[in-house]
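Residue-level structural notes
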Amino acid sequence: MPLGKGFRLLPESASNFAPQVDVLFWFLTAVSVFMTLLLCVLVGFFAIRYRRRNEDEVPPALPPRKWLEISCGLGLLGVFMVIFVWGAGLYVRMKQPARYALEIDVIGKQWMWKIQHPGGQREINELHLPLGVPVKLSMTSQDVIHSFGLPEFRIKQDVVPGSYSTQWFTPTKAGEFHLFCQEYCGMNHSAMGGKVVVMEPKAFEAWLAGVPVDDSPEARGAKLFVSYGCLHCHGQVAPTLAGLYGRSVRLSDGTVVTADESYLRESILNPAAKLVAGYPPAMPSYRGQLSEEQVTALVAYIRSMGASRGDDLRALPDADAPVTRPVNGIAPQDAAPIPPTGQPPQVTRPPFGEKPQ
Amino acid sequence: MSTELPTSGVPYLPAPVVAVVPENYVLEGARIRSWLLTRDHKRIALLYLASITFFFFIGGAAATLMRLELLTPNRELLSADVYNRLFTIHGVIMIWLFLVPSIPTTLGNFLVPLMIGARDLAMPRLNLASWYLFMAGGLLTLIALLAGGVDTGWTFYTPYSSAFSQTNVVLTITGIFLAGLSSIFTGLNFIVTIHTMRCPGMTWGRLPLFCWSIYATSVILVLATPVLAMALCLIGIERIFHVPIFDPAHGGDPLLFQHLFWFYSHPAVYIMILPGFGVISELIPCFARKRIFGYWFVAGSSVSIAFIGFLVWGHHMFVSGMSIYGGIVFSFLSFLVAIPSAIKVLNWTATLYKGSVSLKTPMLYAMAFMGLFVIGGLTGLYLACLAVDVHLTDTYFVVAHFHYIMVGGMVTAFLGGIHFWFPKIFGRLYPEWAGRIAAGFIFFGFNLTFFPQYVLGYLGMPRRYAGYPEEFQVLNVMSTAGASILAVGYLLPLVYLTWSAKYGKPAGANPWKAMGMEWTVSSPPPRENFHQVPVVTQEAYAYHEMTPQGGSGPILPMSRPGARIEPEWSGQ
């Protein structure tokens, strides 16, 4: 964690948002300092000028001045509304990701950060980024609530188990910066940090190429699907999984649920919780046999099974099945196939910093 | 009735002239039993005072250990696990076993009946039951502490607290539940008392502003605390019966807990500051010897804060995954709730104008309150502002903000109130020089402890960290140095006030020449407060009508020689 930085009073500015947040911060500080000084001067002045000179003195009553109260109240309301609108406007912009953002997955777990680049490169507690390219983080937690906080970038978002949260920014300064977990998560909360390394685009490409690449989550999930025997039942005596993601499912007790990530995850780890109508409760639980990451990979694989693949799951799913979400701004149908393990990615994409045609 | 005179028992023989009326509430019955079974609101106030002082120093000891650990970047003194348990117990004790009860159960219990001319609270037995519930809750929390504590943070966020923590969560939340129940009863008692037991002439427009604050606080206590109780119950149900309410692994929703928790805990912070406002509204007119500027604005602001305070809880959750639109609404409302507080500060300042200002210890505390509360409140604007809150939430900026308000505000107001009403409660004066020295230590130590934390927060240092990057060390060392001075500042009043309660110079009925019904009775007051039902004919802070000898107050035969009227006993 130590990044070798010296004592400072203000953080560095490393993202597109940092200067904007800082300007608003300084405005707030100017208003606060002014009001505090005004109060201190007035109270100090009155305490001295009107100090009790005689123990028996009784100052006369003064008439009420409603106009003073109302005008001060309205004036403050005006200042507060300026701050509110300014802050809300900037916040809305912070919540609308840039269109062509580098999508990076983040999984927080007690007590580490697992980061995955779109090409399959993985990092633990470090995030390498190219300078000047907008990046969008899709984050979830494996266990409790964490928070992915980057102070020099002025961004932070809680990472919640069972759902995906996102935040985005564009790094504007090369260097190493702090990554902190900012939501208390148990014993080693204060050790759950790392660093963000922002590099020039060429250096970043070189770094990416040098990282040994595992399969993408979907490819790994496909392999697990085979090796754990899911193939033997699903599509025959068990419900078909093609096109399942996002669809409504009727359960044996009559209720209807949507097959989202949480449903898929629960069905793998606790299949008895929600039984699909018309099927026997024969699926074994995989709790204790699959790690959280393996479950995430399976969920990603099932998510990627489009309806177009049909019900024929007896054929081995191929490792270069197309992914369903855009990567680096390229729609799935335009993406090149994912290469087999061990090879660097050979996706034809424009160099970093340029928008695709 | 304890004031019933004895008779000889024979109709035609004159009754012996005997005075067996006890002098005051302190001396009437000196046995432990008479204290532990008392129904006298003044004695119950002292029972609470002893309890909350005890808990304050336990919570303070936890904070001392935390600040010692934070002298160095690495975990050299304590393990991370112990540190986590310390900050949790510091929060739990300071909030539920010290701040929430503090002024209402001590000064509120003691003064509200006196201020409105009543003999006691509406439900004296319920008052005593409140204290016993509070002690039961405190005892359970202490047992949990001795059994190893709890490591979830005072906020008990799920699913960590409901499905992951291996510490004494259920024991602690049961303790908090009981303490919360105690506070609901206290709030109920005050509401009924203020509505039904005001003496003749005490209209709402003549009610002291301290009573207005206690009233607003009581409304929040009664409406908000049940939500906390239920949120904690749900955690208990999830932990004991494994019902997945908050655990997403089995279909629960972790954010549901945050909404339930903060729906209580935001109004709770107003529970923790409104009584402080009430104390300051009493101190300033007395020590400026001038009626409060804008009485109805100050009274109305307490009620507005109580109301709007229920609508802003989402500002604790801006980065939690809550919707953007929800965030915008909560941000707007959070800015609105700042305005009534600002109006109060304006009115206090304007009260000093052309007054007669005396800088005795209570006034020093009142002025310290104004400065520190304003700084804390202004930093609340940073946190209400959405874009800046993204950077500052979960950092030391928030820690500094709430300590400026709760410690720099509420604890300061509490000490100011204790010093102001000390002569009334104990019948003795404390040494003024000691009061001023302690106030100085507290003011200086407090600022040195918590101002560097604003800087740390903007730099990004997260909360609840047992260790931190080296570049944050200088500011942390400053903060710990300040904490040591602050600790001395808090120990000093413990010493000289305890000494003065027994050995201080005897105080008269009204050493500060203050207005208010409590100053018209002896110090300490008699058991039944007023020998006859008083009648109020003046506004609350009629300092301009004060005679040179001292406050005039309502017409009361016992305390004003030469009074013209003997009010009829209207029976109670």
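These numbers come from a predicted model, not from an experiment.

What counts, and where the lines are drawn
Sequence positions are assigned chain by chain, starting from 1 and proceeding in written order. A letter from A marks each chain and a number from 1 marks each ligand, given out in the order of writing. This being a predicted model, a pLDDT of at least 70 is required before a residue's local features are given, and a value of 80 or more before pairs of side-chain atoms are given or counted; all residues contribute to the totals for chains, interfaces and linings. With hydrogens and water stripped out, all remaining heavy atoms of the structure feed into the side-chain values. What counts as a helix is a DSSP run of H or I of at least four residues, what counts as a strand is a run of E of at least two, and both are numbered from the N terminus. Each radius of gyration is computed over the set of C-alpha atoms, and the globule rule expresses the reference value as 2.2 Å times the number of residues to the power 0.38. The buried label applies to any residue whose accessible area, calculated with a 1.4 Å probe on protein chains only, is under 20% of its type's maximum; exposed applies above 50%, and partly exposed to all values in between. Residues counted as positive are Lys and Arg, residues counted as negative are Asp and Glu, and His and the chain ends are not counted. Working definition for charges: the position is that of NZ of Lys, CZ of Arg, CG of Asp or CD of Glu. Residue contacts are defined here by distance: any two heavy atoms, one from each residue, within 4.5 Å place the two residues in contact. Two parts placed together each lose some accessible area under a 1.4 Å probe, and adding up what both lose gives the buried area. The working definition used for a salt bridge is a side-chain nitrogen of Lys or Arg within 4 Å of a carboxyl oxygen of Asp or Glu. Two N or O atoms count as a polar contact when they lie within 3.5 Å, although within protein this holds only if one can serve as hydrogen donor and the other as acceptor, and sequence-adjacent residues are included solely when both atoms are side-chain atoms. Charged means Asp, Glu, Lys or Arg here, nonpolar means Ala, Val, Leu, Ile, Met, Phe, Trp, Tyr, Cys or Pro, and polar covers whatever is left, Gly included. We define a nonpolar core as any set of buried Ala, Val, Leu, Ile, Met, Phe, Trp, Tyr and Cys residues linked to one another through side-chain atoms lying within 4.5 Å. Like charges are joined within 9 Å and nonpolar side chains (Val, Leu, Ile, Met, Phe, Trp, Tyr) within 5 Å, but only among residues with over 30% relative accessible area and no salt bridge; these make up the patches. The Shrake-Rupley method, run with a 1.4 Å probe sphere, supplies the accessible areas, and residue values consider only the shown protein chains as cover. Each axis is a line fitted through C-alpha atoms, and for a helix only the stretch in contact is used; angles between axes span 0 to 180 degrees, taken between their N-to-C directions. By the definition adopted for this analysis, an angle is roughly parallel if under 35 degrees, roughly antiparallel if over 145, roughly perpendicular if from 65 to 115, and oblique otherwise. Should the near helix be turned counterclockwise from the far one by less than a right angle, the crossing is left-handed, whereas a clockwise turn marks it as right-handed. Multiply 1.5 Å by the residue count of a helix minus one, and that product is the helix's expected span. Each pair of strands is called paired provided DSSP finds at least two bridges between the two strands.

What follows is about the overall build of chain B. Counting its secondary structure elements, chain B contains 17 helices and two strands. In terms of C-alpha radius of gyration, chain B reaches 24 Å, essentially the compact-globule figure of 25 Å for 572 residues. For the C-alpha atoms alone, the extent of chain B along its principal axes is close to 85 × 55 × 45 Å. Looking at chain B residue by residue over its 572 residues, the buried ones come to 64%. For chain B, the distance from the average site of its 30 positive side-chain charges to the average site of its 24 negative ones is 11 Å.

Attention now moves to the interface of chain B and chain A. With 92 residues of chain B at the interface, the matching set in chain A holds 85 residues. Approximately 7900 Å² of surface area, both sides summed, lies buried where chain B meets chain A, with 69% of it carried by carbon and sulfur atoms. Our enumeration of links across chain B and chain A arrives at one salt bridge. Across the salt bridge formed by Glu55 of chain A and Arg289 of chain B, the nearest N and O atoms sit 3.6 Å from each other. Counting the contacts that link chain B with chain A gives 25 residue pairs in polar contact (both at pLDDT 80 or more). Per-class residue counts for the side of chain B that touches chain A are 58 nonpolar, 22 polar and twelve charged.

All right, on to the nonpolar core then. Core analysis: the largest hydrophobic core is formed by 245 residues, its most contacted members being Phe148 of chain A together with Trp96 and Phe156 of chain B. Discounting chain neighbours no more than four positions away, the residues touching Phe156 of chain B are Val92, Trp96, Val150, Ser161, Val169, Thr172, Ile173, Ile176, Leu232, Ile235 and Phe257 of chain B. Core analysis: the second largest hydrophobic core is formed by 24 residues, Ala222, Leu241, Leu244 and Leu251 of chain A among them.

Let's shift gears to a positive patch on the surface. A grouping of Arg49, Arg51 and Arg53 of chain A together with Lys354 of chain B is seen on the molecular surface, where their side chains present a positively charged patch. As for its placement among the helices and strands, Lys354 of chain B is situated in the loop between helix H12 (324-352) and helix H13 (361-384).

All names here are of chain B. A full pass over the atoms with the stated rule returns 13 salt bridges over all chains. Taking the shortest distance from any N to any O, the salt bridge between Arg527 and Asp40 comes out at 3.8 Å. Note that Arg527 is positioned in the segment after strand E2 (505-506) and Asp40 in the loop between helix H1 (32-36) and helix H2 (41-69), a separation of 487 residues in sequence. Bridged by salt links that share partners, the residues Asp40, Lys42, Asp120 and Arg527 form one connected network.

Now for the packing of H2 of chain B against helix H3 (residues 80-99) of chain B. Residue and element names in this part refer to chain B. Remark: H2 packs on H3, axes separated minimally by 9 Å, with the N-to-C direction vectors making an angle of 150°. One element, H2, and the other, H3, form an angle in the roughly antiparallel class. You can see that H2 and H3 cross each other, and the crossing is left-handed. Facing Ile52, Phe55, Phe56, Ile58, Gly59, Gly60, Ala62, Ala63, Leu65, Met66 and Glu69 of H2, the residues of H3 in contact are Tyr83, Leu86, Phe87, Ile89, His90, Ile93, Met94, Leu97 and Phe98. Grouping the constituent residues of the contact of H2 with H3 by class yields 16 nonpolar, three polar and one charged.

Before going further, it helps to spend a moment on H12 of chain B. With 29 residues, H12 of chain B extends 44 Å between its outermost C-alpha atoms, agreeing within 8% with the 42 Å of an ideal straight helix rising 1.5 Å per residue. Judged by how many residues are buried, H12 of chain B sits mostly within the fold: 22 of 29 residues are covered.

Moving on, we come to the sheet that holds strand E5 (residues 135-141) of chain A. Residue and element names in this part refer to chain A. The five strands are arranged E3-E2-E1-E5-E8 in an open sheet whose pairing can be described as mixed. If you trace the sheet from one side to the other, it starts and ends with strand E3 (122-124) and strand E8 (165-169), each paired once. Going across the sheet, the axis of each strand differs from the next one's by a mean of 25°, ignoring polarity. Bridge count for E5 against E8 is five bridges, and the pairing is antiparallel. Opposite Lys136, over in E8, you have Trp168 as the bridge partner.

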